[in-house]
Each structure stands twice: as structure tokens, then as C-alpha cells.
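# Structural characterization, general
So the chains spell out like this:
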Amino acid sequence: MSTIEAELKHLMVAGLAGDAAAHRTLLDRLSRRLRAYYKSRLARIGRSATEAEDLVQEALLAIHTQRHTYDPAEPLTPWVHAIARYKLIDHLRRTHASRADVPIDDAADIMAQDDHGSTESAHDLDRLLGRLPHKMRRAIQCVKLEGLSVTEAAARCGMTESAVKVNVHRGLRALAAAIAREKIK
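Residues numbered from 1 in each chain as written. Predicted model: local features only at pLDDT ≥ 70, side-chain atom pairs only at ≥ 80, totals over all residues. Heavy atoms only, no water.

## Some remarks on helix α7 (residues 134–145)
Of all the positions in α7, only Met136, Ala139, Ile140, Cys142, Val143, Lys144 and Leu145 are classed as buried. The first or second residue beyond α7 is Gly147, which carries a positive phi of 75 degrees. (Buried < 20%, exposed > 50% of the residue type's maximum accessible area, 1.4 Å probe, protein only. Helix = DSSP H or I, 4+ residues; strand = E, 2+ residues; numbered from the N terminus.)

## So, the nonpolar core
Within the largest apolar cluster, 37 residues are counted, with the highest numbers of intra-cluster contacts made by Leu30, Leu34, Tyr38, Ile63, Leu76 and Trp79. Contributions of two or more residues to this core are made by α1 (3–16), α2 (20–44), α3 (51–65), α4 (76–94), α6 (125–130), α7 and α9 (161–184). Once you skip the residues sitting within four places of it in the chain, Trp79 turns out to touch Met12, Ile63, Gln66, Arg67, Thr69 and Tyr70. Leu148, Ala153, Ala154 and Val168 belong to the second largest nonpolar core, which has ten residues in total. (Core = buried A, V, L, I, M, F, W, Y, C linked by side-chain atoms within 4.5 Å. Contact = heavy atoms within 4.5 Å.)

## Considerations on the packing of α3 against α4
One way to put it is that α3 packs onto α4 with a least axis distance of 9 Å and a crossing angle of 130 degrees. Here α3 is positioned oblique relative to α4, judged by the angle of their axes. At the point where α3 passes α4, the crossing takes the right-handed sense. Contact residues: Glu51, Leu55, Glu58, Ala59, Ala62 and Ile63 in α3; Trp79, Val80, Ile83, Lys87, Leu88, His91 and Arg94 in α4. Considering only residue class, the contact of α3 with α4 consists of eight nonpolar, one polar and four charged. (Axes fitted to C-alpha atoms, helices over the stretch in contact; angles between N-to-C directions. Parallel < 35°, antiparallel > 145°, perpendicular 65-115°, else oblique. Left-handed = near helix turned anticlockwise from the far one by under 90°. Nonpolar A, V, L, I, M, F, W, Y, C, P; charged D, E, K, R; others polar.)

See below:
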């Protein structure tokens, strides 16, 4: 087990046991690695590195909200990689890129880089989502975290498709603004 894997796994296990500081540290460390991963993947297919920031936020949100699905008996890196890769594929699908454009990689690619120079992204995502109105939070959970289509999310949430789209857009914008305010503090 690599030193990075051991350190991140320790933080994840501590976070699962209720150590909020360890969880924040885990998200902080993962955010730098995810940012570097997404920037390099997007650059390989001629996409803008600015798209990476949205992907980092989506991946961190998924890692945070799905942390209960992680099995501490298993390595953490492949679990994180699966989430990161699915978020990249979903993003490219939404932006009409071909899956053929997604380079083949493995879990070690996420741990191979650390983007120290970029803005830190790790925050307590439950707390941030809790600041949103219920409809926004629910729309984001269905579409961004559970991967439902807008039509499926609308049916589940009892909203129109337009309302789901608006709530997701406004909710993500509100989350980004909340994160920006916390960074200023």
C-alpha cells in the first residue's frame, strides 16, 4: 500500500468514525488530486481546464454523500477513481463529447498528481447542501449525485423538468457562492 493510499484511507476511516477534521482533510487532499486529474484528462481531449473545477465539486460532493458505501476493508483509491471517472464521463456526455474521447486510465492516475497551486475545494458538503432550500437540494441530489435524468428527477421530486433544471442550476450556483464566501474568511 502506497503512503498516499494509507494516509487517505486513514483519513476516510477516521471521517467515517465521526472525525469531522479528518473528513475535511481528506476532502482537501482529494480536491487537489482530483483537480490535477481532471485538468490533465480535459487537456488531453482539447477541453478547457476551467471545466475541471465543476468536476472537482461534483466528485467531492459524491464522495461526501456516498461515503457510507465505502468498504474500509478495501483500498480507497479505486473507489475514488470510480467516482471521478463516472463524473468525467457524465460531464462529457452532458457536454456532447464522445466516450471515445475519455482516455483510458487507472486509479493510480488520481494519486499521481497533486494540484497545490489551485484553489482549495474541500468543505463539509452536507453542511453546504443543508443551506439550500429543500427543492434545490433534492434536485441536486437526484441529478448530480444519483445520476438520474432530468425527467426521472422531476417524477421523483414532484416537479416539472424545467423546475428541476432551474433548481439544479441555481443550487450549484448557490453552493459555489457559499464555498467562495468560506474561502474569504
